Structure formats: structure tokens, C-alpha cells
Amino acid sequence: MADFILALDQGTTSSRALLFDRQFGIRGLEQLEFQQFFPKPGWVEHDPQEIWDTQLRAARGALARAGVTGRDVAAIGITNQRETTVVWDRRTALPIHPAIVWQSRQTTPICDALRAAGLEEEVRARTGLRIDAYFSGTKVRFILDAVPGAQARAEAGELCFGTIDTWLIYRLTGGRVFATEPSNASRTLLFNIHTGDWDDTLLQALRIPRAMLPDVRDSVGLFGETDPEWLGHAIPITGVAGDQQSALFGQGCLAPGQAKNTYGTGCFLLMNTGHEAPRSQAGLVTTVAWRRAGRLEYALEGSIFVAGSAVQWLRDGMGFVAHARETEALATSVPDSGGVYVVPAFVGLGAPYWDEQARGTIVGITRGTTRAHVTRATLEAIGFQTRDVMQAMARDSGISPAVLRVDGGACENDFLMQFQADILGIPVERPLVLEATAMGAAALAGFGVGLVRDRAEIDRRLGAPRYFEPHMRADERESRYATWLRAVERARGWMEAGS
Ligand code: ADP
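About the criteria used
- Residues numbered from 1 in each chain as written.
- Predicted model: local features only at pLDDT ≥ 70, side-chain atom pairs only at ≥ 80, totals over all residues.
- Heavy atoms only, no water.
- Pairing = 2+ DSSP bridges.
- Helix = DSSP H or I, 4+ residues; strand = E, 2+ residues; numbered from the N terminus.
- Axes fitted to C-alpha atoms, helices over the stretch in contact; angles between N-to-C directions.
- Parallel < 35°, antiparallel > 145°, perpendicular 65-115°, else oblique.
- Left-handed = near helix turned anticlockwise from the far one by under 90°.
- Contact = heavy atoms within 4.5 Å.
- Nonpolar A, V, L, I, M, F, W, Y, C, P; charged D, E, K, R; others polar.
- Buried < 20%, exposed > 50% of the residue type's maximum accessible area, 1.4 Å probe, protein only.
- Near = heavy atom within 4 Å.
- Polar contact = N/O pair within 3.5 Å; in protein donor to acceptor, adjacent residues only side chain to side chain.
- Areas by Shrake-Rupley, 256 points an atom, 1.4 Å probe, with all protein chains shown as cover.

Draft legend 1. Structural detail: the sheet that holds strand β18 (residues 295-304). With respect to topology, seven strands assemble into an open sheet ordered β17-β18-β16-β15-β21-β22-β23, the strand pairing being mixed. The open sheet is flanked by β17 (285-292) and β23 (466-468), the only strands paired with a single partner. The mean inter-strand angle of the sheet, taken between neighbouring strand axes irrespective of direction, is 30°.

Now the structure itself:
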């Protein structure tokens, strides 16, 4: 049997492919960036053809780097930027409109209309989500309105809607397989996370015909085989999940109460809740983690809009450092933040506050404040925001994770990780291999093809993680966190005040 697993990691700014060997070592990696389109303020679009082209070239490049061919690949796993929406012609596989990216705010008016129709509670109960332009459903509506004749063609079954997983599966299989799985489907605003099927009430509310929706399969299992034209061989696609759920799987958070935080541009915190789908009262969303053997497993998710991008602001906006990694030395050049708190609400606040009117704030400045203090306070803010979400998770689920697993670019910062452990009061576990998202897709595909039978096989290969143990005294931890909450109050509702 062929030995390698190819993980396709289709992200917001680049398409990546990683070739894993049987021991889950990375043998080949190729990454290709693609263009971002900003047609109007707040709008973000991609060219679906370019996504496909770069993804295919990345896959070929990863194989070439490892000196192997498609014949050596036992299975393909796919993980992808979530919510981004593509509508294409079923017959020609040509997109009828640019892909509308998850970040894009262009469907805010459609969201307002859904809210005005009193659908907020209905949406939350059925999908676990909030009505927000972030999710796919309103993006589909937008495309069907924007392209003349599209509604009628969708009703006649001539058009396909897919998130990026579905688009890639369709292209990889030469149009033979039109399918998705629940971790992606649960981000569309159209999927009932309790029944595991598309929801007729929501489809009607958005006038989206069922005929344009993909088949929902298990996240682990055979989706189809690639057309031999692409990689020289028919390779089975056997594992698929959205990027954050894939990272949850890649981090080994398979049991209820296990949580991971990805520190990238923003932070995405997910906690596995097992077969229960707790309804959030505390400002989180409920999402499907994956479906295995026909059974849905769930997660609570909290997204923090600004994390690593606050570090970019220190670098590019403030000019305090030349490289992100220099923030660590600068932050530790002072014994503490000197009473300074930075609330990086540059685009409002996400979970658990959901305050669009909030704006960034620095409080506690004195004559002695330096860039080192502000830098330290900015890194600390990432840790404080993570605690905000962790507390919301504990309130919603009644579970407090014993340890937080971490990945993403900013988790390389040891100061940040130590502060995170200190302010949470639990250990932070950083794996040796930081490619959790691609690992997750490879692991799902490995299970799907029978190459992996036991999760422990993967964990053994991951090597010993590094633990950051909490050292801060409990009274200091709580008083610092209480001060953070006061700083957040200063940032909230700022735009409302008319400034
Ligand atoms: P994304 O996938 O969202 O692009 P990455 O996981 O690649 O993000 O992480 C990049 C982010 O992490 C950037 O916002 C960068 O500012 C931040 N970052 C990278 N290295 C460090 C570091 N050593 N300390 C703090 N932040 C960092």
C-alpha cells in the first residue's frame, strides 16, 4: 500500500500542501499565495479558479519536493478557510461570481433584514450561530441577487453552492462528487447542527434552493477519488474538516473538555464538547467539530478578532519593533507593564463581547511609560482576551479545561505563553510540531483510509510538548484580570459616544 498522506490546507491568503509520511513526519511542503480583492471598503473576494490553480500546483509541488508521485499517496485530506462561498455552474464547473470571503462584510444589510424578521433566536437554536455577515448563507443570497438569472438557474439545479472544501472536492474529482461534511456545513447558517441536515426553515428565509446544496458526508471516510489527470493517479479523498476543527483534531482534542487556541491574526479558541451541543449564553457559537461513523461531535468556539495583528500594529503602526519576534525581548526588558493596559479593539470586539462600537484603548499611561510597557501590555492583552473566552466556555459548558493546547504563529512567543498560563491559572501545552491544521487533515484522512487506527499512533510521533506552568499568585492573577475588565469597559461603545 502507498505510504504517504497529502494534506491540502487551503487558507485565506495561501494554498498549501504538506506531504506526510507514515510516521507523520513532513516530507514535502509547498505554499502559494494568491490575490486578495477589495472591491469596496469592507468587501473581500477571491478568484475561485486561482484558489483551485494554486492548490493543485501546491499539491504537485509538495510531491515533487519529496520526490514521489501520486502512486505513493494513500489518501488526501482537505482542510480549508471556512465560510468562504463559491457558486458555480454544475455542468462547466465555472464560478458565476467571485468567492465571497469570510471576512467580507458586504452582506450586512441581508443580516439586518433577517434580524428585522425576528430570526435571531431561530438561527441560534438551529445553527448554533449568530446572524452575522461572517457566515456563508447571506453570501449565497448576495450572489443569487447579484448575477442576473441566477435564482432561476439555482432552482433548476444548474448551479452549485459550496464552501472551499466542496469546491476543491468537485474540481479534484472532475465534477463527479458534490459533497461537504458537517464541520464546514455548520458554518453556513443553513445547516441544522442537531438534525445534521440542511434546514428548510432557514433555506426558505434566505430563498436558497436545496437543489444547489452539496451532499453532507462524514468528515472521515471516502468522498471520492481524484481524477488521474491532476496528480497522475486516482487518489482517495478520505478526510475533510474546516481549518479550526482540523486544528482541534490535529491537537488531539478528541475528548470533551479538551481545548486548543490558535494564535494567528486573530485567536480561535475551540473546546470539544463531545456529543452535546451546548447552547451558548455567554457570547460563543456552537459548531460541529466533525462527524465520524455517522455521529456528530461538537465544539464551543470563540473568535478574538485581533491578536497577532496587534503585534503587527506594534511593528508597522507604532514602529516599536522591526520583527514580530522582537516583541518578546522588548516586553521582558521591563519587570511589568507599569500599570498599562492595551485593549486592541481595532475592529470592535468579538467573543464574548460582540461590540462593533468598541475601539482600541490604552489606559494607565504615566510619564514613565515606554514602548516596552505598551508592547508588554499588548502581548498581555492577547492573554487576557483568551481568558475572557475561556471563562465564557466554562459558563456555557460547566467544564473548565485542565490545560490549553496552543498553535499558530504567535505561540512561538515564550513570554506570551508564560503569561497565558499565569493569567489562566492552568498549564499551556505547546506541541513540537506547530502544523496542527494540516496535521488534523492528514490524521482525518489517515483514519479514513485505515492507515491510522489509534490516535496514540499520531501523538507518539508528535514528540514531547513544552509546558508552560502557571507561576503567578492567585490574588495577583485575579486583581490583574479585574483591572483588564475595567480597561475593556473603557473601550466599549466608543463609536456610539459620537467620536
Ligand atoms: P495567520 O494564519 O492568521 O496568517 P499565523 O499563524 O501565520 O497567522 O501567525 C502570524 C501572526 O502571528 C502575525 O499576526 C504575527 O504578528 C504574529 N507573530 C508571529 N510571530 C510572533 C512572535 N514571535 N510574537 C508575537 N507575535 C508573533
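Draft legend 2. Main features of the packing of helix α13 (residues 371-397) against helix α14 (residues 414-424). Running from amino to carboxyl end, α13 crosses α14 at an angle of 40°, the nearest separation of the two axes being 9 Å. Relative to α14, the element α13 lies oblique. As α13 runs across α14, the sense of the crossing is right-handed. When α13 is examined against α14, the residues Arg376, Leu379, Glu380, Ile382, Gly383, Phe384, Thr386, Arg387 and Met390 are found in contact with a partner set consisting of Phe415, Leu416, Phe419, Gln420, Ile423 and Leu424. Class assignment for the residues of the contact of α13 with α14 results in nine nonpolar, three polar and three charged.

Draft legend 3. A look at the environment of Arg130. Considering the arrangement of structural elements, one finds Arg130 in the loop between α3 (120-127) and α4 (137-146). In the structure, Arg130 is positioned 327 residues away from Glu457 in sequence and 38 Å away in space, judged by C-alpha atoms. The contacts of Arg130, once residues within four sequence positions are left out, are Val123, Arg124, Phe135, Leu189, Val285 and Trp354.

Draft legend 4. Main features of the environment of Gln81. Tracing the chain through its elements places Gln81 in the loop between β5 (73-80) and β6 (86-89). Overall, the relative accessible area of 0% leaves Gln81 in the buried class. In sequence terms Gln81 and Thr163 are 82 residues apart; their C-alpha atoms lie 8.5 Å from each other. Contact partners of Gln81, with chain neighbours within four places excluded, come to Gln10, Gly11, Thr12, Phe34, His46, Ile51, Val101, Trp102, Ile164 and Asp243.

Draft legend 5. Region of the structure containing the pairing of strand β15 (residues 259-263). Buried residues dominate β15, accounting for five of its five residues. Side chains Ala259, Asn261 and Tyr263 of β15 all project onto a buried face; the interleaved residues Lys260 and Thr262 project onto the opposite face, where all are buried too. One ladder, built from four bridges, connects β15 with strand β21 (residues 404-407); its direction is parallel. Along β21, the bridge assignment pairs Ala259 with Leu404.

Draft legend 6. Seen up close, the site of the ligand. Surrounding the ligand, one finds 13 residues, the nearest of these being Thr265, Gly308, Gln312, Gly409 and Asn413. Between the ligand and Gly308 there is a distance of 3.0 Å, counted from an oxygen atom to a backbone nitrogen or oxygen. Take Ala410: an N or O atom from its main chain is 3.5 Å from an oxygen atom of the ligand. Alone, the ligand offers 580 Å² of accessible surface; in the complex the protein occludes 68% of this. At four residues, helix α11 (residues 308-317) tops the list of elements feeding residues into the shell around the ligand. In terms of residue class, the shell around the ligand is built from three nonpolar, nine polar and one charged.

Draft legend 7. View of the pairing of strand β3 (residues 26-33). The pairing of strand β2 (residues 14-20) with β3 spans seven bridges and is classified as antiparallel. Bridge assignment links Leu19 to a residue of β3, and that residue is Gly28. In sequence, β2 turns back onto β3 through a hairpin of five residues, with Phe24 there showing a positive phi of about 65°.

Draft legend 8. View of the sheet that holds strand β13 (residues 220-225). Here six strands make up an open sheet; going across it, the order is β3-β2-β1-β5-β14-β13 and the pairing mixed. The open sheet is flanked by β3 and β13, the only strands paired with a single partner. Averaged over all adjacent pairs, the angle separating strand axes in this sheet is 25°, with direction ignored. Where β13 lies against strand β14 (residues 236-242), three bridges are found, and the strand directions are antiparallel. Among the inter-strand pairings, Glu225 is bridged to a residue of β14, identified as Pro236.

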